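Overview (structure and organization)
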Amino acid sequence: MTDINDAAVREILRPHRDGGVISRMYATGEITDATIPALGMLADQLHLDSRDEESDRLDDVIDYVRAAGERPSVTGWVAKL
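Just so it is clear, the structure is predicted and the values come from calculations on it, not from any experiment.

1. A closer look at the nonpolar core
Core analysis: the largest hydrophobic core is formed by 19 residues, its most contacted members being Leu13, Met25, Leu39, Leu58 and Val61. Elements that contribute at least two residues to this core include exactly helix H1 (6-13), helix H2 (21-28), helix H3 (35-48) and helix H4 (52-68). When neighbours within four sequence positions are excluded, Val61 is seen to be in contact with Ile4, Val9, Ile12, Leu13, Met25 and Leu39.

Here you go:
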């Protein structure tokens, strides 16, 4: 696992906003029980599309989410990038 911070998480998620839980995490830092499955499906799709570097970066975000646990919106999250 690569240790990443909030700003790196936002940077990694920026091109993958989906209008759902990934977008919510990008915009607010909110993590729900649906966040890891959504990120996992996206990472799998990127891997299938031979976009392995992006898939690996999303794996780092999944590790971050697991460590952080479920949480509501984070105050000041939008200033993290």
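Moving on from the model shown.
2. Examining H4
With 17 residues, H4 should cover 24 Å at 1.5 Å per step; its first-to-last C-alpha distance of 24 Å lies within 8% of that length. Those residues of H4 lying buried are Ser55, Leu58, Asp60, Val61, Ile62, Tyr64 and Val65. Residues of H4 that are buried in the fold lie against H1, H2 and H3. Positive phi appears at Gly69, one or two residues downstream of H4, with a value of about 75 degrees.

Reading the values: rules and limits
- Residues numbered from 1 in each chain as written.
- Predicted model: local features only at pLDDT ≥ 70, side-chain atom pairs only at ≥ 80, totals over all residues.
- Heavy atoms only, no water.
- Core = buried A, V, L, I, M, F, W, Y, C linked by side-chain atoms within 4.5 Å.
- Buried < 20%, exposed > 50% of the residue type's maximum accessible area, 1.4 Å probe, protein only.
- Helix = DSSP H or I, 4+ residues; strand = E, 2+ residues; numbered from the N terminus.
- Contact = heavy atoms within 4.5 Å.
- Expected span 1.5 Å × (residues − 1).

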